[in-house]
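# Analysis of the macromolecular model
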Amino acid sequence: MTGEVRLYSQLVKSSLSQQIAQNLEQMIIGQEIQVGDRLPGEIELAERFGTSRNVIREAITMLKERGLVDVKNGSGAYVAQLTSDALGSMVTRLTAVGSASPEDVYEIRMALEVRACGLAAQNATPQQKKELRLIVEDMGKNFEDLVKWKRDDMRFHRCLAQMTNNALFPAFIEPLAAELFSPGHDAERPPSREARLGGMEQHRRILDAVEQGNRTAAERAMTDHLQRYLDDILHKS
């Protein structure tokens, strides 16, 4: 393991294994523990966390199930090379338990989805473009049904991420978008009909740019789309 492992805080008894797994996961995300590094042994971790070896085993098992470590019999647990699925699950957990506001999520989406939209325009196949057009048509048909409209909106952004032909974009974008399209989001103040009309026009602009293979126009259209929704969130707050 590179460098000294930071001092671990003593943890409360409830859900100790989950807290330890989260602590180690955050260290992996922050690259305090590098890919290929061996985690400290059970005895050492138990001492640092002030808990039992059984609790440490449970935490390591969680990390293994998340695809974050490989466990080698007789050797120990090693930080794994992350797959897109593991990254996506990680983003989902961090979004679910973190303190990120809708504004925070939209700002990250801005950084990711503008680039993704440009790549979609550049890399999309004719079949993928056809699928995107069908989704936009569904959005029009389901315009008056907010539940179905939000579902189609999520499908639109998921499809664009997949059209990049880079598995890391869906891994990061889908969990972030899912947080904003969840049933509880906007429950008290759902988007107005006027806002959805504007959203439909923005989705059509994105679609047109992607179908034309115009990367610059696609990125500009996605920037405008996300900025308008961010402004709407800030206006509501």
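Think of each chain on its own: its residues are numbered from 1, step by step along the sequence as written. The predicted nature of this model means local features are confined to residues of pLDDT at least 70 and side-chain atom pairs, given and counted, to a pLDDT of 80 or more, with totals for whole chains, interfaces and linings taken over all residues. Only heavy atoms go into the side-chain values, all of them from the structure, while hydrogens and water stay out.

## Describing the overall build of the protein chain
Secondary structure is summarised from DSSP: a helix means a run of H or I of at least four residues, a strand means a run of E of at least two, and numbering begins at the N terminus for each. The secondary structure content of the protein chain amounts to ten helices and two strands. Taking as baseline every contact in the protein chain between residues at least 6 positions apart, the subset at least 24 positions apart corresponds to 73%. Carbon together with sulfur atoms contributes 50% to the accessible area of the protein chain, which is approximately 12700 Å² in total. Contacts: residue pairs with any heavy atoms within 4.5 Å of one another. Using the Shrake-Rupley algorithm and a 1.4 Å probe, accessible areas are obtained, with residue cover drawn only from the displayed protein chains.

## So, the packing of helix H6 (residues 126–141) against helix H9 (residues 193–211)
For the pair H6 and H9, the least separation of the axes is 10 Å and the interaxial angle reads 165 degrees. Put simply, H6 runs roughly antiparallel to H9. As for the relative orientation of H6 and H9, their crossing is left-handed in sense. Contacts between H6 and H9 involve Lys-129, Leu-132, Arg-133, Val-136, Met-139 and Gly-140 from the first element and Met-200, His-203, Arg-204, Leu-207, Asp-208, Val-210 and Glu-211 from the second. Here the residues of the contact of H6 with H9 are counted per class, giving six nonpolar, two polar and five charged. Here an axis means a line fitted to C-alpha atoms, over the contact stretch when the element is a helix, while the angle between two N-to-C directions is reported on a 0 to 180 degree scale. Here is the rule for angles: anything less than 35 degrees is roughly parallel, anything more than 145 is roughly antiparallel, 65 through 115 is roughly perpendicular, and the remaining ranges are oblique. If you view the pair so one helix is near and one far, a crossing is left-handed when the near helix is turned anticlockwise from the far one by less than a right angle, and right-handed when it is turned clockwise. Only Asp, Glu, Lys and Arg are considered charged, only Ala, Val, Leu, Ile, Met, Phe, Trp, Tyr, Cys and Pro nonpolar, and every remaining residue, Gly among them, polar.

## Thoughts on the packing of aromatic side chains
Each Phe, Tyr or Trp ring (for Trp, its six-membered ring) is paired with any other whose centre lies within 6.5 Å, and the angle between the two planes then decides the class: stacked below 30 degrees, edge-to-face above 60, tilted in between. For the structure on display, the rule yields zero aromatic pairs. One residue, Lys-72, lies across the ring of Tyr-78, its end atom 4.6 Å from the ring centre. Against the face of Phe-143 rests Arg-196, its NZ or CZ located 4.9 Å from the ring centre. By definition, being over a ring means that NZ of Lys or CZ of Arg is both within 6 Å of the ring centre and within 35 degrees of the ring normal.

## Notes on the confidence of the model for the protein chain
Each residue carries a pLDDT score, the predictor's own confidence in it, on a scale running from 0 to 100. With 79% of its residues at a pLDDT of at least 70, the protein chain reaches an overall mean of 82. Of all helices and strands in the protein chain, the one with the weakest mean pLDDT is helix H4 (residues 84–97) (65), whereas H6 scores best (96). Across residues 2–14 the pLDDT falls below 50, and counting only partners more than four positions away or on other chains, this stretch makes 27 contacts in the model.

## Re the environment of Leu-16
Assignment of secondary structure puts Leu-16 in helix H1 (residues 16–29). Taking the C-alpha atoms as reference points, Leu-16 and Val-55, 39 residues apart in sequence, are found 6.9 Å from one another.

## Let's talk about the nonpolar core
Here, nonpolar core refers to any group of buried Ala, Val, Leu, Ile, Met, Phe, Trp, Tyr and Cys residues whose side-chain atoms link them within 4.5 Å. The rule is simple: take the accessible area with a 1.4 Å probe, protein chains only, and divide by the maximum for that residue type; under 20% is buried, over 50% is exposed, in between is partly exposed. Ranked by internal contacts, the top residues of the largest apolar core, which has 28 residues, are Leu-132, Phe-156, Leu-160, Met-163, Ile-206 and Val-210. Put simply, the parts of the chain that give this core at least two residues each are helix H5 (102–123), H6, helix H7 (146–163), H9 and helix H10 (215–236). Residues Ile-56, Met-62, Leu-63 and Val-69 belong to the second largest nonpolar core, which totals 21 residues.

## Quick word on the pairing of strand S2 (residues 76–79)
When strand S1 (residues 69–72) meets S2, the two strands line up antiparallel, connected through four bridges. Paired with Lys-72 across the strands is Gly-76, a residue of S2. In short, DSSP must find at least two bridges between two strands for them to pair. Here S1 hands over to S2 after three residues, with Gly-74 in that stretch at a positive phi of 80 degrees.

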